[in-house]
4 protein chains.
Amino acid sequence: MTTAEFDSEMHVELIQHEASDYMVVHAARVSTLGDRVAEFEAQNNWDGPVPKADAGLINFLMKNRHGTPFEHGMFTFRVCVPIFVMRELHRHRVGFSYNEESGRYKQLDAHFYMPAEHRALTQVGKPGHYVYEPGSLSQIEQTHLEIWDVCNHAWDAYARMLDDGIAKEVARMVLPVNTYSSCYITCNPRSLMHFLSLRTKDEFSTFPSYPMQEIEWMARMMETEFARLMPVTCEAFCKNGRVAP
Amino acid sequence: MTTAEFDSEMHVELIQHEASDYMVVHAARVSTLGDRVAEFEAQNNWDGPVPKADAGLINFLMKNRHGTPFEHGMFTFRVCVPIFVMRELHRHRVGFSYNEESGRYKQLDAHFYMPAEHRALTQVGKPGHYVYEPGSLSQIEQTHLEIWDVCNHAWDAYARMLDDGIAKEVARMVLPVNTYSSCYITCNPRSLMHFLSLRTKDEFSTFPSYPMQEIEWMARMMETEFARLMPVTCEAFCKNGRVAP
Amino acid sequence: MTTAEFDSEMHVELIQHEASDYMVVHAARVSTLGDRVAEFEAQNNWDGPVPKADAGLINFLMKNRHGTPFEHGMFTFRVCVPIFVMRELHRHRVGFSYNEESGRYKQLDAHFYMPAEHRALTQVGKPGHYVYEPGSLSQIEQTHLEIWDVCNHAWDAYARMLDDGIAKEVARMVLPVNTYSSCYITCNPRSLMHFLSLRTKDEFSTFPSYPMQEIEWMARMMETEFARLMPVTCEAFCKNGRVAP
Amino acid sequence: MTTAEFDSEMHVELIQHEASDYMVVHAARVSTLGDRVAEFEAQNNWDGPVPKADAGLINFLMKNRHGTPFEHGMFTFRVCVPIFVMRELHRHRVGFSYNEESGRYKQLDAHFYMPAEHRALTQVGKPGHYVYEPGSLSQIEQTHLEIWDVCNHAWDAYARMLDDGIAKEVARMVLPVNTYSSCYITCNPRSLMHFLSLRTKDEFSTFPSYPMQEIEWMARMMETEFARLMPVTCEAFCKNGRVAP
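Fair warning: this is a prediction, and the values are worked out from it, not measured in the lab.

Remarks on the overall build of chain A
Then, in step 1: Check the secondary structure of chain A and you find 9 helices and 8 strands.
Then, in step 2: Looking at chain A as a whole, 64% of its 245 residues qualify as buried.
Then, in step 3: Once local pairs closer than 6 in sequence are excluded, the contacts in chain A between residues at least 24 apart make up 78%.
Then, in step 4: On chain A, roughly 9,200 Å² of surface is accessible, and the fraction owed to carbon and sulfur atoms is 52%.

What follows is the structure in structure tokens.
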């Protein structure tokens, strides 16, 4: 019989992309150049860094919240995260596409989330103003034991029901929300920035967010790819208070 | 200590609405009447049944998939359904708005889903072509026992962690996906029809769907309200193969 | 033969709505109350003003950009505006539904926009930083004459082509972009605020916008209805820098 | 003084893309493979043709209207088309991003649409059932003269107002809707198919559409790129009645 496997990581991998600071510049310039923007497409080395004037334009667009030039790009990530994280992720509707592992069509894996030691376990204060603290050693120990126990207990019940011919979609009802699930996610630079603004806590944010830690780790991994592929756009995003344009 | 409570129903209640067959007719007529459509707004008794010619127009729009006239209305439902149903629901992005109970901000209720006897338990065939069957008496009994046991076990662990001061968002990780959750859902007639076309199995569907039973029950309750408030539109939807326009 | 008629107004009329500050409060409270929110629905007098604590909650949501509770409402407007305004309007995609008068199916009206005297006619400065000024008397006179002349000239050509049996969709190609067109628009409180934040110029805006004057007049009329039906939400929007949550 | 230039073409150029039949297959397979889908990503030669079994899967998804696996791709087109075509294009809201030439920020070009001889000029029948016919020689001649005359007349007025210091956004009010405008458009394979299903007339369509000829020419050019980059998906789309999944 399979035994429950525990994991403390969010898994995020960039699978495909078409993303460039240049495209932002071109898309913005069509408003003042019209069809002559075609000449600029040809001149530019799309893989190199954008010239200073173009970086200034990107900053202007970000600061003044001209959002549409940031939509002509795409990122597809394959992620593997617990269901309770997936549920927050799926609330992003605009500019996001998803295909997720199905508990109806597939026998799920015995793969469960276990908070690592750096995951704060206690919550102080009121809704909207929580402060999270690490937790005492005994709290850490208890949490690990409880999670370990419930996951194993639930997994055994799931496996037994499958063995007895119960439909996957029925048997999975007992699995806890820390069960891992996999998903492809496609978004564009603008919808990604919107996600990042809500799912990261950052001292430079004009509008502070208080995301759950697990989704923030995931968001930070996505931001790393964003910063690598669209360095000028990402810098302008950070400099302008991390407000999605 | 609270004990787990079991429930076999989907709870769906219409909270507010602004929906009328007349609005579909007006919205379609603006294309040929322009501003003179205002005269028709005034003439009509919006609460009465639409005249025959208008019913014909609605049927024409549905059949030829002119979708936009069906967007000028709204339904807000309060639903209380298991998390595994909520997860399917939240995949509907366009024309859907959600606010859901939070496992981060609120202590969840000991309220769990238990399949009733009419819920098919076994699955025959291949993905995409499953046929569901009721299950033997022993399968029914086993399923009930397993679900009863895991829910109680998980609930006790959840309650103990909360007692020991663990944050709600951490403790809830052990709760199974059959835990109930509440949500407000707002949609428009067009997005509702799109939902219905995918989440009901119907012999008159041009494009057959094979939804999970629980979400179909929920969809059928929503359809009842739709049929009551927009009888002509709902009839045209059904007569034209349940294809969302 | 019809003669061209000139008009300097944007026409905006609220046709139907379902909008209330209470719904914002309920939608937010479901996150901490779950299904018990139903008790509050029953208690409230939805038509009266919201209590102070609820107004505080609305302000908190606005300030911290919790946007979804503002989506459970709707406004349908019938508007009659020039095509060049309609074109800006139709760029709003999310949470907006449209049905517009058709130049393919309907003979258009000889109804053209003429800037009134308070409409600034000259533009000083660079793109993104234009300042508009009234224009001299001779500029006003010339503009009126040119517009009067082109509209009449184009209208006569349109009418002649229709008389000779040319299809409406071909004949209309000669009509100028200041020709009026009618449209139904449905949006929700959140998408409306997003529209208002971009299409009004306001000294209290955190992110200043520089809209075209005609669309701003239109936006201000929509804002009047919004303020009337959702006074607490509208006030919170204004107090918090007119940033759509 | 510039003279009006006439053009009978729709201009459509693919600027960037990330589109592959393989991605459809992977996105669909994540539902039954979960994280093991990663192994398949590595095996495949994404640039080669998909194997027969995968083509069968794509056909199954299309036929049964499983739409989401078709969202993980993108196409960016630069188009230059008359305003009356742009207006139809901009009505596509979901999965479409736009940046268009601005008549507020840029002096527009004297570039106007003139129907070519193969463009049907007369309309027979009722709204919803129009049949278009070529038009007589005298109708063709008259149409050309009228359009030529109005465009030149309007352009001269536009140029004079600009010379006299009138703001671009005011002066352009006299320009006809057959003035060309440029735009970047980004969409995904699913939203593109939705567009194609509505904007092409095809004997194999399950739901016939009666698009304006100019937008159909544009749609056909976009379809050519789609067929080149995602041949199996495009074939499945055509074989299954050109219904967007």
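Quick look at the pattern of salt bridges
Opposite charge on two side chains permits pairing when their charged atoms draw close.
Then, in step 1: All chains considered together, the criterion is met by 80 salt bridges over all chains.
Then, in step 2: The shortest N-O distance in the salt bridge between Arg-160 of chain B and Glu-146 of chain A comes to 2.8 Å. With Arg-160 of chain B in helix H5 (residues 137–163) and Glu-146 of chain A in helix H5 (residues 137–163), this pair bridges two chains.
Then, in step 3: Assessed through its relative accessible area of 7%, Glu-146 of chain A is described here as buried.

Regarding H5 of chain A
Then, in step 1: With 27 residues, H5 of chain A should reach 39 Å at 1.5 Å per residue; the first-to-last C-alpha distance of 39 Å fits that figure.
Then, in step 2: Gly-165 of chain A sits one or two residues past H5 of chain A and shows a positive phi near 85 degrees.

Thoughts on the interface of chain C and chain A
Then, in step 1: Counting residues at the interface gives 13 residues for chain C, matched by 13 residues for chain A.
Then, in step 2: Here chain C packs against chain A, burying approximately 1,300 Å² in sum over the two surfaces, 56% of which is carbon and sulfur.
Then, in step 3: Taken as a group, Arg-65, Arg-93 and Phe-207 of chain C account for 37% of the area that chain C buries against chain A, more than any other trio of residues on that side.
Then, in step 4: On the surface where chain C and chain A come into contact, there are 2 salt bridges.
Then, in step 5: Salt-bridge contacts for Arg-93 of chain C lead to Glu-71 of chain A; the nearest nitrogen and oxygen are separated by 2.8 Å.
Then, in step 6: Across the chain C-chain A interface, the total number found is 2 residue pairs in polar contact (both at pLDDT 80 or more).
Then, in step 7: Elements with a minimum of two residues in the side of chain C that touches chain A: helix H3 (52–63) and helix H7 (189–199) of chain C.
Then, in step 8: In terms of residue class, the side of chain C that touches chain A is built from 5 nonpolar, 3 polar and 5 charged.

Observations regarding the environment of Gln-142 of chain C
Then, in step 1: Looking at the element boundaries, Gln-142 of chain C is found in helix H5 (residues 137–163).
Then, in step 2: Expressed as a C-alpha distance, the spacing of Gln-142 of chain C and Lys-63 of chain C, which sit 79 residues apart in the sequence, is 47 Å.
Then, in step 3: Beyond its immediate sequence surroundings of up to four residues, Gln-142 of chain C is in contact with Arg-160, Met-161 and Asp-164 of chain D.
Then, in step 4: Among the polar contacts made by the side chain of Gln-142 of chain C, one reaches the side chain of Asp-164 of chain D at a distance of 3.1 Å.

Here we look at the relation of the copies chain C and chain A
Then, in step 1: Superposing chain C onto chain A requires a rotation of 180 degrees together with a translation of 0.0 Å along the rotation axis, leaving an RMSD of 0.0 Å. The transformation relating the two chain copies, once decomposed into turn and shift, fits a two-fold axis. No C-alpha of chain C lies nearer the rotation axis than that of Val-94 of chain C, which sits 3.9 Å from it.
Then, in step 2: Looking at the interface residues of chain C, 100% of them are also at the interface in chain A, so both copies use one shared face.

So, the relation of the copies chain B and chain A
Then, in step 1: For the match of chain B to chain A, the screw axis carries a shift of 0.0 Å, the RMSD comes to 0.0 Å, and the turn is 180 degrees.
Then, in step 2: A share of 100% of interface residues in chain B that are also interface residues in chain A marks the association as one of identical surfaces.

Overview of the sheet that holds strand S8 (residues 180–187) of chain B
Strand pairing in a sheet is mediated by backbone hydrogen bonds. Such pairs are either parallel or antiparallel.
Then, in step 1: Ordered by their spatial adjacency, 4 strands build an open sheet running S2-S3-S8-S4 (chain B), and the pairing between neighbours is antiparallel. The strands lining the two open edges of the sheet, one partner per strand, are strand S2 (11–18) and strand S4 (96–100) of chain B. The sheet shows a mean angle of 20 degrees between the axes of neighbouring strands, taken without regard to direction.
Then, in step 2: With respect to the sheet, helix H1 (residues 21–33) of chain C is in contact with S2, strand S3 (74–82), S4 and S8 of chain B, its orientation differing from that of S8 of chain B by roughly 150 degrees.

Description of helix H7 (residues 189–199) of chain D
Structurally, the α-helix is built with 3.6 residues per turn, so residues lying three or four positions apart point the same way.
Residue and element names in this part refer to chain D.
Then, in step 1: Among the 11 residues in H7, 9 count as buried, and that is most of the element.
Then, in step 2: Every buried residue of H7 is accounted for by Pro-189, Arg-190, Ser-191, Leu-192, Met-193, Phe-195, Leu-196, Ser-197 and Arg-199.
Then, in step 3: The backbone nitrogen of Arg-190 lies 2.9 Å from a side-chain oxygen of the residue at the head of H7, namely Asn-188.

Brief notes about the interface of chain B and chain A
Then, in step 1: Counting from both sides, the interface comprises 58 residues of chain B and, opposite them, 58 residues of chain A.
Then, in step 2: Both sides of the chain B and chain A interface together cover about 5,000 Å² of buried area, and 53% of this is carbon and sulfur.
Then, in step 3: Taken together, chain B and chain A are joined by 6 salt bridges.
Then, in step 4: Applying the counting criterion to the chain B and chain A interface returns 30 residue pairs in polar contact (both at pLDDT 80 or more).
Then, in step 5: Sort the elements by how many residues they give to the side of chain B that touches chain A and H5 of chain B lands first, with 12 residues.
Then, in step 6: Taken together, the residues of the side of chain B that touches chain A sort by class into 29 nonpolar, 14 polar and 15 charged.

Structural notes on the packing of H5 of chain A against H5 of chain B
Then, in step 1: Two elements in contact, H5 of chain A and H5 of chain B, have axes separated by 10 Å at closest approach and are oriented at 170 degrees. As far as their axial angle goes, H5 of chain B and H5 of chain A are roughly antiparallel. Touching Gln-142, Thr-143, Glu-146, Asp-149, Val-150, His-153, Ala-154, Ala-157, Arg-160 and Met-161 of chain A of H5 of chain A are Gln-142, Thr-143, Glu-146, Asp-149, Val-150, His-153, Ala-154, Ala-157, Arg-160 and Met-161 of chain B, all from H5 of chain B.

Some remarks on the environment of Phe-40 of chain C
All names here are of chain C.
Then, in step 1: Counting through the fold element by element, Phe-40 comes out in helix H2 (residues 37–43).
Then, in step 2: With relative accessibility at 27%, the residue Phe-40 sits in the partly exposed group.
Then, in step 3: Spatially, the C-alpha atom of Phe-40 lies 40 Å from that of Cys-80, the residues being 40 residues apart in sequence.
Then, in step 4: Not counting chain neighbours up to four residues away, the residues in contact with Phe-40 comprise His-26 and Leu-33.

Let's talk about the packing of aromatic side chains
Then, in step 1: Applying the stated criterion across every chain yields a total of 34 aromatic pairs over all chains.
Then, in step 2: Consider the rings of Phe-96 of chain D and Phe-195 of chain D, whose centres lie 5.9 Å apart with planes at 50 degrees: the pair is tilted. Residue Phe-96 of chain D is located in strand S4 (residues 96–100), and its partner Phe-195 of chain D is located in helix H7; the two are separated by 99 residues in the primary sequence. When sorted by exposure, Phe-96 of chain D lands in the same class as Phe-195 of chain D, which is buried.
Then, in step 3: Three or more aromatic residues link up through ring pairs in this structure, and these residues are Phe-6, Phe-112, Trp-155 and Tyr-158 of chain A.

Here's the deal with the confidence of the model for chain A
Then, in step 1: Looking at chain A, pLDDT values average 95 and 98% of them are 70 or higher.
Then, in step 2: Interface confidence for the predicted complex, given as ipTM, is 0.95, next to a pTM of 0.97.

Conventions used here
Numbers given for residues are sequential positions, taken from 1 along each chain in its written order. By the order in which they are written, chains take letters starting at A while ligands take numbers starting at 1. pLDDT decides what is reported in this predicted model: residues at 70 or higher carry local features, side-chain atom pairs at 80 or more are listed and counted, and totals for whole chains, interfaces and linings draw on all residues regardless. Just so you know, side-chain values use all the structure's heavy atoms and leave hydrogens and water out. Segments assigned H or I by DSSP are reported as helices when at least four residues long, segments assigned E as strands when at least two residues long, and all are numbered from the N terminus. Burial classes: relative accessible area under 20% of the type maximum marks a residue as buried, over 50% as exposed, and values in between as partly exposed (1.4 Å probe, protein chains only). Residues count as neighbours in contact if any of their non-hydrogen atoms are within 4.5 Å of one another. What sets the accessible areas is the Shrake-Rupley method with a 1.4 Å probe; for residues, cover comes only from the shown protein chains. Take a side-chain nitrogen of Lys or Arg and a carboxyl oxygen of Asp or Glu: if they are within 4 Å of each other, that pair is a salt bridge. In this scheme, a helix's expected span is set at 1.5 Å multiplied by one less than its residue total. Using a 1.4 Å probe, buried area is obtained as the accessible area two parts lose upon being combined, added over both of them. Pairs of N or O atoms within 3.5 Å make up the polar contacts considered here, provided that, within protein, one atom can donate a hydrogen while the other can accept it, and that residues adjacent in sequence are counted only when both atoms are side-chain atoms. Nonpolar residues are Ala, Val, Leu, Ile, Met, Phe, Trp, Tyr, Cys and Pro. Charged residues are Asp, Glu, Lys and Arg, and all others, Gly as well, are polar. Overlaid copies result from least-squares superposition on C-alpha atoms, with residues included only where pLDDT is at least 70 in both. Pairing between strands is defined by DSSP: at least two bridges between them are needed. Lines fitted to C-alpha atoms define the axes here, with helix axes fitted over just the stretch in contact, and angles between the N-to-C directions of these axes take values from 0 to 180 degrees. Oblique is the label for every angle not falling under 35 degrees (roughly parallel), over 145 degrees (roughly antiparallel), or within 65 to 115 degrees (roughly perpendicular). Geometry of aromatic contacts follows a simple scheme: Phe, Tyr and Trp rings, the Trp one being its six-membered ring, pair when their centres are within 6.5 Å, and the pair is stacked under 30 degrees between planes, edge-to-face over 60, tilted otherwise. One confidence number per residue, pLDDT, is output by the predictor and ranges from 0 to 100.

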